[in-house]
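Fold and contact review
Listed here are the chains, written in short residue letters.
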Amino acid sequence: MKAILALDQGTTSSRAIVFDASGSIAAVAQKEFHQIYPQPGWVEHDPREIAASQLEVAAKASRNFDIAAIGVTNQRETTILWDRKTGEPIANAIVWQDRRTAAICDELREYEPLFRERTGLVLDPYFSGTKIRWLLDHVGRKDLAFGTVDTWLIWNLTGGRVHVTDATNASRTLLFNIHTGEWDDDLLGILKIPRDILPRVVSSSEVVGETAQGIPIAGIAGDQQAALFGQRCVNPGMAKNTYGTGCFIVMNTGNRAAVSQRGLLTTKAVDAFALEGSVFIAGAAIQWLRDCLGIIRIAADVEALASSVPDSGGVTFIPAFTGLGAPHWDPHVRGALLGLTRGTTAAHIARAALEAIALQTADVLDAMRADSGLELTELRVDGAASRNNLLMQIQADVAGVRVIRSAISETTALGAAYLAGLATGFYKDIDSHWKADRVFEPQSRPAGLIDRWREAIGRIV
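This write-up is about the structure you can find in this document. Note that the coordinates shown come from a computational prediction; the quantities given were computed from them, not determined experimentally.

Quick look at the sheet that holds strand β3 (residues 25-32)
Read from one edge to the other, the open sheet built from six strands follows the order β3-β2-β1-β5-β14-β13, with strand pairing classed as mixed. Edge strands, defined here as strands with exactly one partner in the open sheet, are β3 and β13 (205-210). Going from strand to strand, the sheet's axes swing by 25° on average, the running direction of each strand aside. Pairing of strand β1 (residues 2-9) with strand β5 (residues 66-74) involves eight bridges; the strand directions are parallel. If you follow Asp 8 over to β5, its bridge partner there is Thr 73. Sitting on the sheet, helix α8 (residues 223-230) touches β5 and β14 (216-222), and the angle it makes with β14 is about 105°. The strands touched by helix α13 (residues 411-424) within the sheet are β1, β2 (13-19), β5, β13 and β14, with β14 carrying the most contacts at an inclination of about 140°.

Structure follows, in structure tokens:
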């Protein structure tokens, strides 16, 4: 059977998913790889292990299929340098979570407005540019190639013949001018990065090369932009949220790069611009209820427990275990439980945890509305916690928007598959493929709950 192979290279595992002609999942393979922590605040991966694990699962998932094309989606910002002649990495990959370049960011703080204007990003160790600078300063500068994980995988898939990335990944480097669609020489000069180590920027949906077996590689997108495309959020005002350990909310703003005044990032999506905001703690709050408080046995138990009470009994939970993300951006604040009484039960705390996930997301969506000037038309959702019906209804209510859960939860890989399939003619009308599992209509916006949340945030920020 002819099919599309999506390579979904994540932070903790490499996955390969085969999609058939209807956009349905036909096969899946996954393999975890090692996380390396050389010292506090540093996070690394072995690039060889990333490539080997991804090639292994690709072979396993696709062995019974005639693969028409390959799409690649990846953890963004993770930075790899390798010897252009031998193809060997010169150091471990520096992962997006790594904070070692904070001092470089501090040194360059006077240039932050320029970086913000041209890249849509804040000057932060999260992004690739200062990671490249650190590697060049510590391991040398001769005959090198740089890539985010998409570039590294395509280099290996093509035997070193193709050195490319796409705009969605390039726009996460601090080096790419999102307005001109080119690498920015001024920013390269500030960071002392030679232009010749950078990959060529190509379309997210085009044939860029072939594997040794002659299979075209035809789709590339960073994971969150791939999910936006896989969710078919192709019109301005459409947004998606992926509920994982944290939340990644991305809103399509069309052909306009909306400048955020509220702590959001402006980034490139597939054939569009987007606003992006991150919530640090979402599913991790449920894990905390399970692992630290012991009030649920497995994560799925939280819905039944929270549903056993009509509301949170005045309890507000701010799960700022590692600070607050967008739109507050306070790394120093810590979590809080407010409004506890003698009548507070485990069920009230469980419900407050679900409310916290929804309220943090609603804060980001409100910032997106204000920064973009667009009406939020709907929120399409995926990720493990999106299966929680109570959470999704709370989300619809506090955000005041229709929430639509996708029938296919693997929207990141699906987006990469769509991009590859469209480039090769394997897919024609992908909009007919996308199906909703369930729609949650906003019933009534709970003003009291929202007011308590804002008051609680004001106390700790």
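Details of unusual backbone geometry
For the peptide bond that leads from Ala 326 to Pro 327, omega is 0°, which places it in the cis range. Considering the arrangement of structural elements, one finds Pro 327 in the loop between β19 (316-318) and β20 (336-338). Positive phi values are uncommon outside glycine, yet Leu 174 reaches one of about 70°. The residue Leu 174 is located in the loop between α6 (167-170) and β10 (176-177) in this model. A relative accessible area of 0% means that Leu 174 is categorised as buried. Non-glycine residue Lys 192 carries a positive phi angle of around 60°. By the element assignment, Lys 192 lies in the loop between α7 (185-191) and β12 (200-202). Judged by relative accessible area, Lys 192 falls into the exposed class, the value being 52%.

What counts and how
Residues numbered from 1 in each chain as written. Predicted model: local features only at pLDDT ≥ 70, side-chain atom pairs only at ≥ 80, totals over all residues. Heavy atoms only, no water. Pairing = 2+ DSSP bridges. Helix = DSSP H or I, 4+ residues; strand = E, 2+ residues; numbered from the N terminus. Axes fitted to C-alpha atoms, helices over the stretch in contact; angles between N-to-C directions. Contact = heavy atoms within 4.5 Å. Buried < 20%, exposed > 50% of the residue type's maximum accessible area, 1.4 Å probe, protein only.

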